[in-house]
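Examining the three-dimensional arrangement
The primary structure of each chain is shown beneath.
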Amino acid sequence: MRFEIEDGILTEYDGSEEHVVIPDSVIRIDDNVFEGHTEIRTVVFPEGLQEIGDSAFTGCTALESIELPDSVTLIDSLAFYECCALRSVRLPRDLEEISDQVFMETDISTIELPEGLRYIGDGAFAGCKKLKSVHIPDSVEKIDVLAFGYMSNWDTDSEKIEGFELHGRLNGPARSYAHEYEQVFVPDDGDLSDLPEFEIRNGVLVSYNGSEETVVIPDTVT
């Protein structure tokens, strides 16, 4: 394997290995370093790694799993975009932000988001057809445009992924996101009894949470 490293930054990779071991001296993987290396199946990341740059692994179509060390604080936009064989991801414990389109169009079926995560970017998990259920930690403050449950995030007419559910606290961003993008929301306690029967926003009935045989829609609904 051939690596070019400058002051701890991996700036270039010129290899053809299926199994890549990144040197311990690397603290940042620069933008586009492994982009398009379709032969890579596994990557071992050094324990002191801090940052993964924009599109660093975009199009690594054979990459199957990643375990990111807890030292990583930044995973930049499109870092693992179109890694279509990527099934298993272990995120850093102290990660606070998942950038735009980071895992878009991967084969992820489950993901554990770390407590302390604050922001989930635009289209972060769009196009993940097998991802049908995600729990949003209490720490999350914002979920951006079409982050989950859609085939892409390139436009608002993108097709929804059938059967997707978003789990989280009743007064958190998971519920707001689910309503805005017409997804199924499941509260953490699994009990919908605390929700109002009708949820109405500016005259629009966005959710019905009742179980009556006969439903009377409020007069305020336009």
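Residues numbered from 1 in each chain as written. Predicted model: local features only at pLDDT ≥ 70, side-chain atom pairs only at ≥ 80, totals over all residues. Heavy atoms only, no water.

Comments concerning the sheet that holds strand 11 (residues 119-120)
Strands sit in the order 10-11-13 across an open sheet of 3 strands; the sheet is parallel. Two strands in the sheet have a free side with no partner beyond their single neighbour: strand 10 (97-98) and strand 13 (142-143). As judged from the 2 bridges shared by strand 10 and strand 11, these two strands associate in the parallel manner. By the bridge assignment, E97 is partnered in strand 11 with Y119. (Pairing = 2+ DSSP bridges. Helix = DSSP H or I, 4+ residues; strand = E, 2+ residues; numbered from the N terminus.)

A word on unusual backbone geometry
Its identity as a non-glycine residue notwithstanding, L78 has a phi of 65 degrees, on the positive side. Tracing the backbone through its elements, the reader meets L78 in the loop between strand 8 (74-75) and strand 9 (88-90). Although it is not a glycine, L146 adopts a positive phi angle of roughly 50 degrees. For L146, the position within the fold is in the loop between strand 13 and strand 14 (165-168). Looking at L146, the relative accessible area reads 2%, which means it is buried. (Buried < 20%, exposed > 50% of the residue type's maximum accessible area, 1.4 Å probe, protein only.)

What to know about helix 1 (residues 173-180)
Structurally, the α-helix is built with 3.6 residues per turn, so residues lying three or four positions apart point the same way. Among the 8 residues that make up helix 1, 6 are buried, leaving the element largely enclosed by the rest of the structure. Residues of helix 1 that are buried: P173, A174, R175, Y177, A178 and H179. Among the structural elements, strand 13, strand 14, strand 15 (184-187), strand 16 (198-201) and strand 17 (204-208) are those in contact with the buried residues of helix 1. Backbone geometry just after helix 1 places E182 at a positive phi near 55 degrees. (Contact = heavy atoms within 4.5 Å.)

Looking at the pairing of strand 1 (residues 3-6)
Bridging between strand 1 and strand 2 (residues 9-13) involves 4 bridges; their strand directions are antiparallel. What sits directly across from E4, in strand 2, is E12.

Notes on the nonpolar core
Counting residues in hydrophobic clusters, the biggest one holds 55 residues, and the most contacted among them are I29, F80 and F148. Elements with a contribution of two residues or more to this core: strand 2 and helix 1. The biggest single contributor to this core is helix 1, with 3 residues. Those residues in contact with I29, other than ones at most four positions away along the chain, are L10, I22, F34, F45, L49, E51, I52, G53, A56 and F57. (Core = buried A, V, L, I, M, F, W, Y, C linked by side-chain atoms within 4.5 Å.)

With respect to the pairing of strand 15
Strand direction decides the pairing type here: strand 14 and strand 15, joined by 4 bridges, are parallel. Bridging from a neighbouring strand, E165 pairs with V184 of strand 15. In this fold, the crossover linking strand 14 to strand 15 by way of helix 1 has right-handed handedness. (Right-handed = clockwise from strand over helix to strand, strands pointing away.)

A look at the state of the cysteines
Summed over the entire model, instances satisfying the criterion amount to 0 disulfides. For the unlinked cysteine C83, the closest cysteine sulfur is that of C60, found at 5.1 Å. For C83, a relative accessible area of 0% translates into the label buried. Of the cysteine sulfurs around C128, a residue in no disulfide, the closest is that of C83, at 11 Å. Note on C128: relative accessible area 1%, which makes it buried. (Disulfide = S-S within 2.5 Å.)

Here we look at the packing of aromatic side chains
Tallied over the entire structure, the rule returns 12 aromatic pairs. Measuring from ring centre to ring centre gives 5.4 Å for F3 and Y13, while their planes differ by 40 degrees; the resulting arrangement is tilted. Highlighted residues: F3 in strand 1 and Y13 in strand 2, separated in sequence by 10 residues. Ring geometry for F125 versus F148: centroids 5.2 Å apart, planes at 5 degrees, classification stacked. Of this pair, F125 sits in the loop between strand 11 and strand 12 (133-135) while F148 sits in the loop between strand 13 and strand 14, and the two are 23 residues apart along the sequence. Note on F125: relative accessible area 1%, which makes it buried. (Phe/Tyr/Trp six-rings, centres within 6.5 Å; stacked < 30°, edge-to-face > 60°.)

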